[in-house]
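Chain by chain, the residues run as shown.
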Amino acid sequence: MDSNNHKIYLELTQKFERRFFEDMHALNVLPPDELTRVTEYVPRIVRFVEKIVANGFGYATPDGSVYFDIDSFEKAGHSYSRLEPWNKNDRALQADGEGSLSKGRSMKRSENHFALWKASKPGEPAWPSPWGHGRPGWHIECSAMASGVIGKTIDIQSGGVDLRFPHHDNELAQSEAYWSTPGCQVQWTNYFIHMGQLRIRGLKMSKSLKNYTTIRNVLSRKEWSARSLRICFLLMPWQDGIEVTDELMKAVVSWEGKLNNFFLKSLDLWKHSSPKTTMPELGIADQQLLSSLDKAKADVDTALRDSFNTPAVMKILSDLVTESNSAKALVDQTVILLARWVTRIVTIFGLDPEGDLNNLDRIGWSGLDIPAPAKPYIYPVSQLRDKVRTLACSGSVDHIAIAKLADEITIAASTPVVESSKPYDQVLQQFRTNVKALAAQQAPAKDLLALCDQLRDVHLWNLGIYLEDRNNPQPALVRPLDKLPIETRTERESASTAKAKAKLEQEAREAKREKELRERAKVDPLLMFRTSREYSEWDESGIPTLDAAGNVVTKNRRKKLVKEWEKQKKRHEEWLAMQQAA
């Protein structure tokens with residue numbers, strides 16, 4: 001393989017670069033303002049290394065490699081391994097930081113010196129340099145590219161917690177060796193943000209442990225969405241590791257479900273509220289909620305200034321929504337105002353790929369609407385269902401009116417049926433037919449209500465649509481089926497199944513006990529204790545007087561034996577009576 005022909009390496013890296021940005025787009029991660037590639041920076045990396053050597057902090061070896069001289073760096077007054085000084089002499093971490101660059105014989109002056117440039121072996125990627133053909137060291141790539149774009153000082157640098165040492169410590173050393181001059185030391189990075197690791201079953205996710213997955217694999221399984229993944233990360237401190245547990249998944253579903261419900265109801269209020277030029281008179285509940293909103297705004301600002309404390313923000317949003325849900329007699333404008341602010345915060349957090357911070361009137365996030373092909377059929381069938389339920393609950397069912405409603409529904413759904421709309425049209429037509437049939441049969445109200453429940457709980461549920469019934473005169477809220485109602489139903493069904501199972505087990509135990517009692521009732525009380533080896537002598541009634549060792553049965557023990565004997569006598573007499581009656 002020609003080491004100078006970079007096409008094969010570029011094709012491979014371009015493939016994974018493309019996949020990376022596809023994954024980032026799927027997670028609604030904003031693209032970088034500046035994109036750098038090592039392959040495009042090699043000449044500048046070479047010049048970067050040359051200057052470090054010229055400054056006295058690097059040296060070339062006879063094999064064509066260049067190493068960073070930590071000893072010279074420290075003698076010049078610089079500090080090495082500032083992020084994790086306790087790991088400064090950890091050979092395992094140093095070797096891990098060098099990767100394949102540390103394999104084979106090395107001509108470096110000290111074990112803790114790291115590669116700035118490594119001579120390439122035959123078949124390895126190679127670029128020309130003053131020291132011969134080779135390739136950049138891992139750490140130098142980042143220093144050269146970041147310095148080339150940002151300059152000699154970076155305000156904030158981030159990465160995983162496992163990059164602190166040796167990667168970021170080596171970056172700091174070589175960058176400050178490049179930028180510093182005698183008598184003027186440069187601090188290359190002011191702040192580091194090191195993210196916690198994702199852990200699977202208590203272990204760091206990694207290929208070597210074979211416990212890793214990919215973003216696209218996670219999203220393809222539908223257990224997680226891009227939004228729920230981001231919620232998961234926001235619920236945990238960024239600096240802590242994340243252990244994905246059932247409890248965490250439940251917290252994610254609960255938080256997202258609560259916001260879904262809040263946004264859906266807020267949108268419903270907004271759609272049905274009449275435009276007002278002035279704010280209506282506010283009641284006590286409105287004033288209290290608006291006061292809580294002002295406090296929430298201040299608290300969110302404080303939390304984000306406190307090391308990006310997103311878990312605190314997520315709780316503030318959740319508590320505010322809970323307070324809104326619990327408040328009584330709110331004017332629509334209060335809820336709408338609250339919903340718009342919550343929308344803005346979740347948009348800032350990247351939870352809405354369609355979010356637009358310039359749209360101050362936006363409420364909610366994407367995914368709150370049913371599919372467009374469903375709308376011409378699902379809204380009319382929901383309206384028919386609402387009216388049927390109202391008439392069924394009126395006390396005196398007007399079957400003629402119900403049949404008329406079913407006939408009129410076809411006018412509302414006159415849109416030509418396309419392939420994607422057929423499942424929804426079928427549900428509409430079937431419900432209409434069933435309503436007319438029950439009306440013709442003069443069916444009781446309970447049958448009409450059962451039909452309405454079936455539409456909600458089976459037919460529409462299977463199409464991913466949920467009708468949320470509300471108090472009269474509010475119509476049912478038409479919404480897409482999300483995880484919260486699914487999990488709520490699953491838990492309810494599991495509880496019902498467990499209850500039914502427990503009932504059957506209890507009935508079985510009682511039946512078994514009843515059978516044992518019937519069998520025991522056949523035993524003559526005169527004989528019930530004589531078969532036991534615990535006793536050696538009995539009185540004329542068959543009650544033990546001496547135990548097996550010949551000791552007199554104590555008064556307390558005899559008292560208990562007499563009670564047992566009397567119960568058995570009663571059972572036996574009842575059994576004898578039944579036998580005689582038969």
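Residues numbered from 1 in each chain as written. Predicted model: local features only at pLDDT ≥ 70, side-chain atom pairs only at ≥ 80, totals over all residues. Heavy atoms only, no water.

A. Up close: the packing of helix α9 (residues 246–272) against helix α11 (residues 310–326). Their axes nearest at 10 Å, the elements α9 and α11 cross at an angle of 45°. Classified by the angle between their axes, α9 and α11 sit oblique to one another. Pair α9 / α11 crosses with left-handed handedness. Along the contact surface, α9 presents W255, K258, L259 and F262, while α11 presents M314, L317, S318, V321, T322, S324 and N325. For the contact of α9 with α11, the class distribution of residues is six nonpolar, four polar and one charged. (Axes fitted to C-alpha atoms, helices over the stretch in contact; angles between N-to-C directions. Helix = DSSP H or I, 4+ residues; strand = E, 2+ residues; numbered from the N terminus. Parallel < 35°, antiparallel > 145°, perpendicular 65-115°, else oblique. Left-handed = near helix turned anticlockwise from the far one by under 90°. Contact = heavy atoms within 4.5 Å. Nonpolar A, V, L, I, M, F, W, Y, C, P; charged D, E, K, R; others polar.)

B. Looking closely at the packing of aromatic side chains. Applying the stated rule across the entire model yields 14 aromatic pairs. Here the aromatic rings of F68 and F114 are separated by 5.0 Å at their centres, their planes lie at 15°, and the arrangement is stacked. Here F68, found in strand β2 (residues 66–68), pairs with F114, found in the loop between α4 (91–98) and β3 (115–119); they are 46 residues apart in sequence, far enough to count as distant. Side by side, F68 and F114 carry an identical accessibility label, which is buried. Relative to W365, the ring of W255 has its centre 6.5 Å away and its plane inclined at 45°; by these criteria the two rings are tilted. Here W365 lies in the loop between α12 (332–348) and α13 (375–392) and W255 lies in helix α9, a separation of 110 residues in the sequence. (Phe/Tyr/Trp six-rings, centres within 6.5 Å; stacked < 30°, edge-to-face > 60°. Buried < 20%, exposed > 50% of the residue type's maximum accessible area, 1.4 Å probe, protein only.)

C. Structural context of α4. When we look at burial in α4, the residues that qualify are Q94, G97 and E98. For α4, the angular spread of the buried residues around the axis is 95°, confining them to a single face. Opposite the buried face of α4, by more than 90 degrees, sit the exposed residues A92 and D96. Check the buried side of α4 and you find it contacts β3, α5 (138–149) and α6 (164–179). Near the N-terminus of α4, the side chain that reaches the backbone nitrogen of A92, with its oxygen 3.1 Å away, is that of D90. (Arc of directions from axis to C-beta. Polar contact = N/O pair within 3.5 Å; in protein donor to acceptor, adjacent residues only side chain to side chain.)

D. Structural context of unusual backbone geometry. In this model, F165 is joined to P166 through a cis peptide bond whose omega is 10°. By secondary structure assignment, the location of P166 is in helix α6. Backbone geometry places A329, a non-glycine residue, at a positive phi of 55°. Given the relative accessible area of 75%, A329 is considered exposed.

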